[in-house]
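Here are the chains, one letter per residue:
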Amino acid sequence: METMKYIKQSAKRVAIFSLLILPFFLICIKVGYNKWAGDIKPIPWEAFLALLPKAMIIYTANVICFFIIYTMMLIFLKGSNDSYICTKCENVLKKWQMDKNSGKCTACGSNMEPLEGFYERHPEKRD
Ligand SMILES: [Zn+2]
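Note that the structure is predicted; figures quoted are calculated from it, not measured. (Residues numbered from 1 in each chain as written. Predicted model: local features only at pLDDT ≥ 70, side-chain atom pairs only at ≥ 80, totals over all residues.)

Across its full length, the protein holds four helices and five strands. In terms of overall size, the protein is more extended than a compact globule, its C-alpha atoms giving a radius of gyration of 23 Å where 127 residues would be expected to give roughly 14 Å. Each principal axis of the C-alpha distribution contributes one length, and for the protein these read about 65 × 30 × 30 Å. Residue burial in the protein is summarised as follows: out of 127 residues, 8% are buried. Summarising the internal contacts of the protein: among those between residues at least 6 apart in sequence, 40% fall at separations of at least 24. (Helix = DSSP H or I, 4+ residues; strand = E, 2+ residues; numbered from the N terminus. Rg over C-alpha atoms; globule rule 2.2 N^0.38 Å. Buried ≥ 20, exposed ≤ 12 C-beta atoms within 10 Å, placed from the backbone. Contact = placed C-beta atoms within 7 Å.)

Side chains of a nonpolar character, in soluble globular proteins, are inclined to be buried together. With seven residues, the main nonpolar core is built from Tyr84, Ile85, Cys86, Leu93, Met98, Cys105 and Met112. The leading source of residues in this core is strand S3 (residues 83-86), at three residues. Every residue in contact with Cys105, bar those within four places of it in the chain, is listed here: Cys86, Lys88, Cys89, Asn91, Ser110 and Met112. (Core = buried A, V, L, I, M, F, W, Y, C linked by C-beta atoms within 7 Å.)

Taken in spatial order, the three strands make up an open sheet running S4-S3-S5, and their pairing is antiparallel. Looking at which strands have only one partner, the edges of the open sheet turn out to be strand S4 (92-94) and strand S5 (112-114). Each adjacent strand pair in this sheet contributes to an overall mean axis angle of 40 degrees, direction not counted. Where S3 and S4 come together, three bridges link them in antiparallel fashion. Residue pairing for S4: Ile85 is matched across the bridge by Val92. (Pairing = 2+ DSSP bridges. Axes fitted to C-alpha atoms, helices over the stretch in contact; angles between N-to-C directions.)

Our focus in this paragraph is unusual backbone geometry. Notably, Glu90 is not glycine yet its phi reads approximately 60 degrees, a positive angle. Take Glu90: it is sitting in the loop between S3 and S4. The phi dihedral of Ser102 is positive, around 50 degrees, even though this residue is not glycine. Looking at where Ser102 falls in the secondary structure, it is placed in the loop between helix H3 (95-100) and S5.

Following this line, the structure appears as structure tokens:
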């Protein structure tokens, strides 16, 4: 099922991204960074710990929204950025470029195959 593939891909990327951003988010709260106020007012650890549960709920809600939007984007684009390779001249194209040329190679007009696993399916083409 294609949709399941996109949901899994999205979940993986959003999870990595949100874990990378989390420390910066927490540091911003601790140092009291506020881009609208334009200044920095550090808050004590007790206040920080008191804010933490609320901050995590907000952060989680944002991550879920981001996940939903990102998943829909992947489904909408339907792998248009996946790479395809020409079976004859081994020219590599993105799916959207291939589709524009009725699914044929733009260089020689031969049939295209997904790049993923191409050299496993055609070991003779390996240099
Ligand atoms: Zn070709």
